[in-house]
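Structural characterization, general
Chain residues, written in single-letter form:
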Amino acid sequence: MNIAVLRETSAGEARVALMPDSVKKLLSANVSLTVESEAGLAAARSDDDYRAAGAEVSADRNAIIAATDVLVTVNRPPADVFAALKSSAVVLGFLRPLDEPAALEPALAAGLTTFAMELVPRITRAQSMDALSSMATVAGYKAVVVAAASIPRMFPLLMTAAGTVPPARVLVLGAGVAGLQAIATARRLGAVVEAYDVRAAAGEQVRSLGATFLEVDLGGLKTEDAGGYAVELSEEALQRGRDLIAEHAKTADVIITTAQVPGRRAPLLMEEAAVNGMKRGSIVIDLAGSTGGNVTLSKADEVVERDGVTIMAPTNLPATVPVHASQLYSRNVSAFLNLLIKDGELNIDLNDDVVGPSCVTQAGKWVNQRVASLRNGS
Ligand code: NAD
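Being a predicted model, the structure only gives us computed values, none of them experimental.

1. Description of the environment of Glu8
Following the sequence through the fold, Glu8 ends up in the loop between β1 (2-5) and α1 (20-27). Residue Glu8 is classed as buried on the basis of its relative accessible area of 14%. Through-space distance from the C-alpha of Glu8 to that of Pro318 is 14 Å; in sequence the pair is 310 residues apart. At 3.0 Å, the side chain of Glu8 forms a polar contact with the backbone nitrogen of Asn75.

2. Side note on the site of the ligand
Around the ligand, 24 residues are found, and the nearest of them are Arg122, Asp130, Val177, Asp197 and Arg199. In the environment of the ligand, an oxygen atom lies 2.6 Å from a nitrogen or oxygen atom belonging to the side chain of Arg122. Residue Gly176 places a main-chain N or O atom 3.1 Å away from an oxygen atom belonging to the ligand. Expressed as a share of its isolated accessible area of 830 Å², the protein-covered part of the ligand is 83%. Along the lines of polarity and charge, the residues of the shell around the ligand split into 13 nonpolar, seven polar and four charged.

3. With respect to the layout of surface pockets
Its boundaries defined by the atoms lining it, the second largest pocket holds a volume of some 200 Å³. Lining the second largest pocket are 15 residues, with Asp197, Val198, Ala200, Glu215 and Val216 sitting closest to its centre. Among the elements of the structure, α8 (201-208) and β11 (212-214) are those that each provide at least two residues to the lining of the second largest pocket. Residues of the lining of the second largest pocket, tallied by class, amount to eight nonpolar, three polar and four charged.

4. A few points about the sheet that holds strand β12 (residues 254-257)
Spatially, the seven strands line up as an open sheet ordered β11-β10-β9-β12-β13-β15-β14, and their pairing is mixed. Each edge of the open sheet carries a strand with a single partner, namely β11 and β14 (303-306). Going across the sheet, the axis of each strand differs from the next one's by a mean of 20°, ignoring polarity. With five bridges connecting them, strand β9 (residues 169-173) and strand β10 (residues 192-196) associate as parallel partners. Counterpart to Leu173 in the pairing with β10 is Tyr196. Sitting on the sheet, helix α6 (residues 131-150) is in contact with β12, β13 (283-286) and β15 (309-312), with an inclination near 155° to β13.

5. Description of the pattern of salt bridges
Inspection of the entire model under this criterion finds 22 salt bridges. With its nearest N and O atoms 3.0 Å apart, the salt bridge here joins Asp99 to Arg96. Its relative accessible area of 43% is what places Asp99 among the partly exposed residues. One salt-bridge network, held together by shared partners, links Arg7, Glu36 and Arg61.

6. Describing the sheet that holds strand β3 (residues 56-58)
Read from one edge to the other, the open sheet built from eight strands follows the order β3-β2-β1-β4-β5-β6-β18-β19, with strand pairing classed as mixed. Looking at strand neighbours, the two that pair on one side only are β3 and β19 (365-366), the edges of this open sheet.

7. Quick look at empty space enclosed by the protein
In this structure the tally under the stated criterion is one cavity of 30 Å³ or more. Reported here for the largest cavity is a volume of approximately 30 Å³. Forming the walls of the largest cavity are Arg169, Val170, Leu171, Val192, Glu194, His248, Thr251 and Ala252. Counting residues per element, the ones that place at least two in the lining of the largest cavity are β9 and β10. Looking at the lining of the largest cavity element by element, the count peaks at three residues for β9. For the lining of the largest cavity, the class distribution of residues is four nonpolar, two polar and two charged.

8. Observations concerning the packing of α6 against helix α11 (residues 322-340)
Relative to each other, α6 and α11 sit at 170°, their axes nearing to 9 Å. Taken together, the axes of α6 and α11 lie roughly antiparallel to each other. Contact with α6, carried on its side by Ala131, Ser134, Met135 and Val138, involves Ala325, Leu328, Tyr329 and Asn332 of α11 and no other residues of that element. Within the contact of α6 with α11, the residues separate by chemical class into six nonpolar, two polar and no charged.

9. Some words on helix α7 (residues 177-188)
Here α7 contains 12 residues, and its C-alpha end-to-end distance of 17 Å stays within 8% of the 16 Å for a straight helix at 1.5 Å per residue. On its buried face, α7 is in contact with α6, β9, β10, α8 and β12. Within two residues after α7, Gly190 carries a phi angle of roughly 95°, on the positive side.

Here is what the cut-offs are and how they apply
Residues numbered from 1 in each chain as written. Predicted model: local features only at pLDDT ≥ 70, side-chain atom pairs only at ≥ 80, totals over all residues. Heavy atoms only, no water. Helix = DSSP H or I, 4+ residues; strand = E, 2+ residues; numbered from the N terminus. Buried < 20%, exposed > 50% of the residue type's maximum accessible area, 1.4 Å probe, protein only. Polar contact = N/O pair within 3.5 Å; in protein donor to acceptor, adjacent residues only side chain to side chain. Near = heavy atom within 4 Å. Areas by Shrake-Rupley, 256 points an atom, 1.4 Å probe, with all protein chains shown as cover. Nonpolar A, V, L, I, M, F, W, Y, C, P; charged D, E, K, R; others polar. 1 Å grid on protein atoms, 1.4 Å probe; cavity = no way out; pocket = protein on both sides within 12 Å on 5 of 7 lines; lining within 4 Å. Points joined across faces, edges and corners; volume = space filled by probe spheres on them. Pairing = 2+ DSSP bridges. Axes fitted to C-alpha atoms, helices over the stretch in contact; angles between N-to-C directions. Contact = heavy atoms within 4.5 Å. Salt bridge = Lys/Arg side-chain N within 4 Å of Asp/Glu carboxyl O. Parallel < 35°, antiparallel > 145°, perpendicular 65-115°, else oblique. Expected span 1.5 Å × (residues − 1).

Now the structure itself:
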């Protein structure tokens, strides 16, 4: 059985699906592994590193695809790759099944078995495969680093002979995985941090990182589902949050927004008026850009200036930290592969409580019911 890693072709992508240390571990499972030449270069891993780990390296992309049993990717492969794979092949990666289900039609048509890392259930047994958390961790960290490098002031409180420099004030909206990492990073740099989330459980985590948790009276409204995720709020409840945010935005130097509701458009947390109320020289980094953004003025992958306030919405910050992002992702996909491989052969058990829910297509059928209903409803 042959596992393959191709060079990622999306613009700005620097990650690679498997790093050499994961290759070495996978090879002990009695499989072969082919890597497209230069696939790891942007993540600081050379073809020789892959050869040393035991992989075959080839520059013949078409030949690799034709011989692949399991293709491991970071981003969804282009339609021509789906079409060129054997129908018995398996594809594993961030396939965006809920945001762009139509783009998986070519995989369905080709009869492929596809698994989306976004659909791996967040249960204890699958923690080592939780690639969303891995990437959110990197994005939350990098957002603060970008903000710190962009604002015209320093983060820490400094007492010098020339006077006292006050600490930067950072407001984090959405205290999930990315938000908590942003809080921790901003605190390490010495900022004073406030955070807001609709899930009450986030309050304790925010406070344990030394930040202040902003609370809104949502009148006992249900804000999270059984899985611990936020649910879509009513317009009235959202507005209460926006009013509180607009008030605290006035004193913030940095605002990092990370609020998402799985499978839905990101909630709108800052309207124009809230940005207009911010100080000159402040910055907003909207990490929800790929699902529509938390800030009305933000534009995905663009920098917007508004009366001295900068608004950024980078959609792929993990790709700007390719070594560690690839390392974490590589371990996540390797852990998932271990569920699919037994004695060097593919052994796919859709009754498994991690494998089944992660499967998008198999033998020309939609397996995941959420994706199926998105397609059938369209
Ligand atoms: P996410 O990316 O879907 O959302 C980010 C944050 O936005 C969440 O904290 C959410 O509550 C918040 N949010 C949504 N709507 C909002 C609104 N209107 N206003 C303010 N905030 C809003 O979530 P995530 O970061 O991937 O994870 C969310 C939760 O899942 C976390 O509590 C985390 O602990 C939990 N989780 C559990 C596991 C596990 O058990 N294996 C793994 C990862 C995450």
